Amino acid sequence: MLEQQNNRAALAQLLFAELLIGSVGVFVHESGQDAVTAVFYRCVFGSLFLLGWGLARGHLRGLWQERTLIRGAILSGVLLVLNWVCLFAGMARSSIGVATMVYHFFPFVMLVLAALLQGERTRPVDVMWTVIGFVGVACSADPQRMWHGADTSYLIGIGLTFLAALLCGASLLMSRIVGKQRPFALVTIQCWVGVAMLAGFSSSSALHWGTHWFWLVGLGVIHSGIVYVLFYTSYPRLPVVTIAVMAFVYPLVTLLLDYVLYGHRLAVIQLAGLGLIVLGTLGVNLKWTLGVSRKHALTDHP
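Residues numbered from 1 in each chain as written. Predicted model: local features only at pLDDT ≥ 70, side-chain atom pairs only at ≥ 80, totals over all residues. Heavy atoms only, no water.

Quick look at the nonpolar core now. Val39, Phe88 and Tyr103 are the most contacted members of the largest nonpolar core, which has 86 residues in total. Per-element accounting of this core gives the leading share, 13 residues, to helix α4 (residues 67-93). Val39 has contacts with Val81, Trp84, Val85, Phe88 and Leu198, leaving out every residue within four places of it along the chain. (Core = buried A, V, L, I, M, F, W, Y, C linked by side-chain atoms within 4.5 Å. Buried < 20%, exposed > 50% of the residue type's maximum accessible area, 1.4 Å probe, protein only. Helix = DSSP H or I, 4+ residues; strand = E, 2+ residues; numbered from the N terminus. Contact = heavy atoms within 4.5 Å.)

Structural data, given as structure tokens:
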């Protein structure tokens, strides 16, 4: 009975985290800041929150003795921060919903890089799921618009978002290797890496007082602080299939907010693309074969 209650609590935590992370694009847009400035303050407020939480809960104890973890966290942190910059810049040039769908190619990037760089065995059926996912990404970018009448800004936005997916996949693969035992410490270091990387490049115009501070603080505390705490406390208590399926709450919330707040509707081909991305990602994460269900997963979160 107690175990069932713990599982329900973990499921509620994960659902809440996915609902929160689905609003990240809205916070970036409403802050009115450029991508670099938005990421910088996400890292500032996120790292402060994570540092306080980690010290209070003992998650950072003995961290300085783990040189391998620190080196890996710094390198993966550089990739993660560049990924956020590209994603936010892509959202500004396309739309929050379209960018989020294209971005969800990152699980397939992880699969390919794991095979190429680590020699992980790739099943033929996983290649099929990856192709399906890539077709879904191509459809979600609205190919008709891209070939007929898309402006340069939109095309650049799609390109930046795809680059973000590549960087995210590489960062998450590296994070999975070095931070398996201490994921909370890993993400804390990654946020501080972002502070150091972008401190000299953020816009000084953000320093004046205004409502944008609400969105910037929320971007860090909520999306890089509370969300990661909820993720890493709920993951160990939930089965892989639940985590993989719940991950799609994030893009669905983003699409809903993009429509309700900004009036961005998806074309039929984009909706079909979303379905293919969901199918391909679940196929890879849950190790589906053509007739059988799951075994193990590659579930990570940006």
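This part covers helix α7 (residues 124-140). Compared with the 24 Å implied by 1.5 Å per residue over 17 residues, the 25 Å span of α7 between its first and last C-alpha is a close match. Backbone geometry just after α7 places Asp142 at a positive phi near 60 degrees. (Expected span 1.5 Å × (residues − 1).)

In this section: the packing of aromatic side chains. Each aromatic ring pair is specified by the distance between its two centres and by the angle formed by the two planes. Applying the stated criterion across every chain yields a total of 18 aromatic pairs. For the ring pair Phe27 and Trp215, a centre distance of 4.9 Å and an interplane angle of 75 degrees mean the geometry is edge-to-face. Of this pair, Phe27 sits in helix α2 (residues 24-31) while Trp215 sits in helix α11 (residues 212-234), placing them 188 residues apart in sequence. You can call Phe27 buried: its relative accessible area is 11%. Centroid distance Phe134 to Phe162: 6.2 Å. Interplanar angle 75 degrees. Geometry classified as edge-to-face. Note that Phe134 is positioned in helix α7 and Phe162 in helix α9 (residues 152-178), a separation of 28 residues in sequence. Under the relative-accessibility criterion, Phe134 is labelled partly exposed at 42%. Over the face of the ring belonging to Trp84 we find Arg42, whose NZ or CZ atom lies 3.9 Å from the ring centre. (Phe/Tyr/Trp six-rings, centres within 6.5 Å; stacked < 30°, edge-to-face > 60°. Lys NZ or Arg CZ within 6 Å of the ring centre and 35° of its normal.)

Once that is clear, we can look at the packing of helix α5 (residues 96-103) against helix α13 (residues 249-262). The packing of two helices is summarised by the inter-axis angle and the distance between the axes. At a minimum axis distance of 8 Å, the contact between α5 and α13 shows a crossing angle of 165 degrees. Judged on the interaxial angle alone, α13 and α5 are roughly antiparallel. Crossing geometry of α5 relative to α13 is assigned as left-handed. Facing Ile96, Gly97, Thr100, Met101 and Tyr103 of α5, the residues of α13 in contact are Tyr250, Pro251, Thr254, Leu255, Asp258 and Tyr262. Tallied by class, residues from the contact of α5 with α13 come to 7 nonpolar, 3 polar and 1 charged. (Axes fitted to C-alpha atoms, helices over the stretch in contact; angles between N-to-C directions. Parallel < 35°, antiparallel > 145°, perpendicular 65-115°, else oblique. Left-handed = near helix turned anticlockwise from the far one by under 90°. Nonpolar A, V, L, I, M, F, W, Y, C, P; charged D, E, K, R; others polar.)

Let us look at unusual backbone geometry. Despite not being glycine, Asp142 shows a phi value in the positive range, around 60 degrees. Residue position: Asp142 is located in the loop between α7 and α8 (143-147). Taking relative accessible area as the criterion, Asp142 reaches 13% and is therefore assigned buried.

Empty space within the second largest pocket amounts to approximately 230 Å³. Around the second largest pocket sit 16 residues that line it, and His29, Phe88, Met91, Ala92 and Ile96 are the ones nearest its centre. Among the secondary structure elements, those contributing two or more residues to the lining of the second largest pocket are α2, α4 and α13. Within the lining of the second largest pocket, the residues separate by chemical class into 7 nonpolar, 7 polar and 2 charged. (1 Å grid on protein atoms, 1.4 Å probe; cavity = no way out; pocket = protein on both sides within 12 Å on 5 of 7 lines; lining within 4 Å. Points joined across faces, edges and corners; volume = space filled by probe spheres on them.)

Mapped onto the fold, Gln190 is located in helix α10 (residues 183-198). Separated by 111 residues in sequence, Gln190 and Leu79 have C-alpha atoms that sit 9.3 Å apart. Once you skip the residues sitting within four places of it in the chain, Gln190 turns out to touch Ala73, Ser76, Gly77, Leu80, Val81, Ser171 and Ser175. Here the side chain of Gln190 touches Ser76 through a polar contact of 2.8 Å, side chain to side chain. A polar contact is formed between the side chain of Gln190 and the side chain of Ser175, at a distance of 3.0 Å. (Polar contact = N/O pair within 3.5 Å; in protein donor to acceptor, adjacent residues only side chain to side chain.)

We now examine the environment of Leu160. If you trace the backbone, Leu160 turns up in helix α9. Here Leu160 falls in the partly exposed class, since its relative accessible area comes to 21%. For the pair Leu160 and Thr130, spaced 30 residues apart in the sequence, the C-alpha separation amounts to 20 Å. Non-local contacts of Leu160, meaning those with residues more than four positions away in its chain, are made with Cys86, Ala89, Gly90 and Arg93.

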